[in-house]
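# Survey of secondary and tertiary structure
Listed below are the residues making up each chain.
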Amino acid sequence: MRTRTMSAVTAGLLLPLLLLVGCDPEDDTPDPDRFPVLPLPAELEEGRGEFALTGETRMVLSWGEGADAELAREVVERWVGPLREASGLSLPLAGPGEGGGGEAVRIVWKPGIGAGAAVAPGEGLPGVEAERYRLEVTGRGVELEASAPAGLYYGLRTLGQLIPGLGADGGEYAGGGVLSAWSIPAVEIEDTPRFPYRGMHLDVGRHFFGTEFVKRYVDLLASYKMNVFHWHLTEDQGWRIEIARYPRLTEVGSCRAESILEKNFDPYIGDGVPHCGFYTQNEIREVVAYARERFVTVIPEIEMPGHSVAALAAYPELACTPGPFQVHTRWGVTRDIYCPKEETFTFLEGVLTEVMELFPSPYIHIGGDEAPKAAWEESAVAQEVMRREGLADEEELQSWFIRRIESFLNAHGRSLIGWDEILEGGLAPNATVMSWRGEDGGVAAARDGHDVIMTPNGEVYLDHYQGDALQEPLAIGGFSPLEEVYAYEPVPGELSPAEARHVLGAQGNLWTEYITTTQHVEYMVLPRLLALAEVVWSPVGERCWESFARRLPHQLAVLDRAGVNYRIPDVMGLEKDRLTLEETHPVEMFAPVPGGGIRYTLDGTEPGRGSAQYSGDLQVPVTEDGVVVTARAVLPDGREGPFRRARFTLGRLLPPTSLPPTLRAQGLAVEGFEGWFATVDGFESARPLALGGGPGEGVSHVPGIQIPDEAPDTAFGLRFTGYIRVPRPGIYTFHLSSDDGSRLRIGDRVVVDHDGPHAMDARSGQVALHRGWHPLEVRYFQGGGGRGVRLEVEGPGTSRREVPAGWLARVAPGT
Ligand code: ACM
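As a starting point, this report considers the structure included with it. Predicted model, so just to flag it, every value in this text is computed and none were measured.

Basis of the calculations
Residues numbered from 1 in each chain as written. Predicted model: local features only at pLDDT ≥ 70, side-chain atom pairs only at ≥ 80, totals over all residues. Heavy atoms only, no water. Phe/Tyr/Trp six-rings, centres within 6.5 Å; stacked < 30°, edge-to-face > 60°. Helix = DSSP H or I, 4+ residues; strand = E, 2+ residues; numbered from the N terminus. Buried < 20%, exposed > 50% of the residue type's maximum accessible area, 1.4 Å probe, protein only. Lys NZ or Arg CZ within 6 Å of the ring centre and 35° of its normal. Pairing = 2+ DSSP bridges. Axes fitted to C-alpha atoms, helices over the stretch in contact; angles between N-to-C directions. Expected span 1.5 Å × (residues − 1). Salt bridge = Lys/Arg side-chain N within 4 Å of Asp/Glu carboxyl O. Core = buried A, V, L, I, M, F, W, Y, C linked by side-chain atoms within 4.5 Å. Contact = heavy atoms within 4.5 Å. Polar contact = N/O pair within 3.5 Å; in protein donor to acceptor, adjacent residues only side chain to side chain. Disulfide = S-S within 2.5 Å.

This structure, assessed with the given rule, holds 28 aromatic pairs. Ring plane angle 15° and centroid distance 6.1 Å describe the contact between W436 and Y461, whose orientation is recorded as stacked. On the criterion of sequence distance, the pair formed by W436 in the loop between strand 19 (432-435) and helix 14 (440-447) and Y461 in the loop between helix 15 (457-460) and helix 16 (482-487) is long-range, its members being 25 residues apart. Residue W436 is classed as buried on the basis of its relative accessible area of 12%. Y461 sits in the buried class, given a relative accessible area of 5%. Within the aromatic cluster, the residues linked to one another by ring pairs are F208, F209, F213, Y217, F229, W231, Y279 and F359. Seen from the ring of F345, R404 lies directly overhead, with NZ or CZ sitting 4.0 Å from the centre.

Here the focus is the sheet that holds strand 21 (residues 503-508). Within the closed barrel, the 8 strands sit side by side as 8-9-16-17-18-19-20-21. Their pairing is parallel. When strand polarity is set aside, the average angle formed by the axes of neighbouring strands in this sheet is 30°. Inspection of the sheet shows strand 18 (residues 415-419) paired to strand 19 by 3 bridges, in the parallel sense. Bridging across to strand 19, I417 finds its partner in T432.

Another aspect to go through is the sheet that holds strand 5 (residues 133-138). Overall, mixed pairing links the 7 strands, which are arranged 1-7-5-6-4-2-3 in an open sheet. Here the strands that pair on one side only, and so sit at the sheet edges, are strand 1 (43-52) and strand 3 (93-94). Sheet topology places strand 1 next to strand 7 (residues 183-191); 7 bridges connect them, and they run antiparallel. Following the sheet pairing, A52 is matched in strand 7 by S183.

Compared with an ideal rise of 1.5 Å per residue, which puts 17 residues at 24 Å, helix 10 (residues 342-358) spans 25 Å between its outermost C-alpha atoms and is within 8% of the ideal. What helix 10 keeps buried is the set T344, F345, F347, L348, G350, V351, L352, E354, V355, M356 and L358.

Let us now look at the pattern of salt bridges. Scanning the entire structure with this criterion turns up 51 salt bridges. Here R134 ties to E136 by a salt bridge, and the two come within 3.4 Å at their closest N and O atoms. Given a relative accessible area of 26%, E136 falls into the partly exposed group. A salt bridge links D420 to R437; its shortest N-O distance comes to 2.5 Å. Linking D420 in the loop between strand 18 and strand 19 with R437 in the loop between strand 19 and helix 14, this pair joins segments that are 17 residues apart in sequence. According to the relative accessible area criterion, D420 is buried, its value standing at 2%. Among the ionic contacts, a cluster of salt bridges with common partners joins E472, E483, R567, D570, E575 and R644.

A few words on the nonpolar core. Core analysis: the largest hydrophobic core is formed by 182 residues, its most contacted members being W231 and M589. For M589, the contacting residues outside a window of four places in its chain are V571, M572, L574, I598, Y600, Y614, L618, V629 and A631. Counting residues in hydrophobic clusters, the runner-up holds 32 residues, among them L654, L668, I705 and Y732.

Spanning 18 residues, helix 13 (residues 394-411) covers 26 Å between terminal C-alpha atoms, matching the ideal 26 Å at 1.5 Å per step. The set of residues buried in helix 13 consists of E394, L397, Q398, S399, W400, F401, I402, I405, E406, F408 and L409. For helix 13, the N-terminal cap is D393; the gap from its side-chain oxygen to the backbone nitrogen of E395 is 3.2 Å. Residue G413 follows helix 13 closely and has a positive phi angle near 80°.

It is worth spelling out the side chain of T234 at this point. By secondary structure assignment, the location of T234 is in strand 10 (residues 234-235). Using a relative accessible area of 1% as the deciding quantity, one classes T234 as buried. Looking at T234, its side chain comes within polar contact range of the main-chain nitrogen of E303, at 2.9 Å. Ignoring anything within four residues of it in the chain, the contact list for T234 reads W239, I241, E301, I302, E303 and H307.

Taken as a whole, this structure holds 2 disulfides when the rule is applied. A disulfide bridge connects C255 with C276, and the sulfur atoms are separated by 1.8 Å. A torsion of 105° about the S-S bond marks the disulfide between C255 and C276 as right-handed. On the criterion of sequence distance, the pair formed by C255 in strand 12 (residues 255-256) and C276 in strand 15 (residues 275-276) is long-range, its members being 21 residues apart. On the basis of relative accessibility, which here comes to 37%, the residue C276 falls in the partly exposed class. Residue pairing for C320: its cysteine sulfur links by disulfide to C339, the two sulfurs lying 2.0 Å apart. Taking the sign of the S-S torsion, about 95° here, the bridge from C320 to C339 comes out right-handed. Pair noted here: C320 is in the loop between helix 9 (309-314) and helix 10 and C339 is in the loop between helix 9 and helix 10, with a separation of 19 residues, a long-range link.

The structure is reproduced here in structure tokens:
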């Protein structure tokens, strides 16, 4: 990104955020108030001045040979209509040669600038070249140029976000902006998405949402340049799409008797309220057409062989056992799945034939996830198919099932997408894999030359909690806060550049077991959808959390104007407890919300509207017991966000201990312990583990915090001991990463407690240290599975890095 100018006011506002880790938004990103464009364009050069839309401004549309003038006109009219309404300006649309000279918004469709020109909407993913656009705003006018209608469409989204108080869709919102009315800041933008597939999923099987809402959902995607809507239409708990050949699918399959109440599985408690709903074929056509006008491809998902109980309730003869089946009222995975018999394929091909008539998408999603094989193991029909086809096991039978469906789809010009379980038993030859159980499925498929879409449940399952569970509505579990979604990288690091080209993009998934209302859907996807939109559109090197957070309030104001619900983001600046050497400590906070209001307390209580208002220069008196700052965003209309809390504690520099040079040897002593531990406190009575090469039984030495080669593949414990010397007095932050538990002690302080079994991740803690040697102990246990331990440090004059070997010492052998 090239950026040149930035107002002094904005630079001042951004400065405190530099202290909150991450990139440097002042150097790296455009002024967020003049250019609140989201997702961030690939290249944006800020200009001076602005172009004002007035009663005289004309829109002039021109096109080159091969362009579809009518389509171009439609794309522009759909955008300029709301702008006319909002501004009261006439903004007449003229054709080529009709505009005359002078000031204008000039829109040019020049087919053939890039590949993939003139791809009609909806007929395929347009591809990034067709989505590319160039936008230039000067004091004399606006020029937007693209080689295909998708590019024009995205250029207009960007233009909408540049007009203060306007959203991507050309509609108005209150309060944005730093320019005069209907002005566009001077700028030069060259923009292309990073990925051709930028998706959002919605599960309407668990809870049904009508077409009005589905269109709103599509609007949201389109406003932030997402281009795929993955519509999860069939489930154990409901079949939601009318199929003329099989009317019982909706007559029977679209209603369940009730839903499980919260998480009352055992004993089961239901809510006693029937839940029903489906889309008629006309409604489906309406949504598909609506999405097509917004350059969103709708990919339908028809689940098979699992998650199909609603269909089995309607047509029990498709199962391996006689039934009867009820549309499920509780969530989970079930053993009742389609049986691989001929009538099942006749049925599925009939369903897919109608689905293909309704959805022009190049891809049809067939599910493939979570299909237990017990029913097939016990079924004479399934076993006979395995014998006939020479299949070794039920995994291969599933693979055969999916291949057969793929052949059918391919014969009709469509491609198959499946969840990563379709890798098991062998991947269908042309399948695209949706990697959801982490990234492994995506990596395996890409290495095998298959296209993949990354939707790992750890990062982009938007049904997961996005904050402190005690402050959030009931969710299925997990934890994927806004910052983590923003930090998600869709291309796994282990892929070669050639393999990485198979990563078409990423998608956020919203499963709706615990999401019953449209407001709740919006709450779960927003603002995380905006973070994901930037992940899949913007160049990875330009991504900057602080910049995103500064542009976010503008977009939340747009959502407010449109009556869209969202989770009010957490206050930034209270992510971690802090140690300080000063008796008054500056607390820097930022609320990425319209109005930017923050209320806080210093006594540990929850802040409300009546609490102190943060004005940007809070100096907190700090004690050795610590002072707790609790803060939340409060919007101008009184809505309150979740609160966050951090403790600020006055540190006293720990005095060093003497360690004469004659007693020092390099590295740390390490003792091993045999056995399986659930905590690092379990070593005391454990048997020593021989690590070899050491001075005594179970004792060895290592250059730093690392697992000795002699450690077994299974469970064990380690205790590293020695001394650490810091080069300067001050506050040091230690980051201890481990799989499983670990604990760092320096002097008499526990600095990082990361105990208990867990996957690899880092935890941090701070300690104030005098210059000189301090006793150090790291305990670590490994319970089997992944393994590793690593200690990093940052402090005065030291940016984050592994603790240098030169900072460590142990007592020399024989002393
Ligand atoms: C899934 O979440 N079962 C794909």
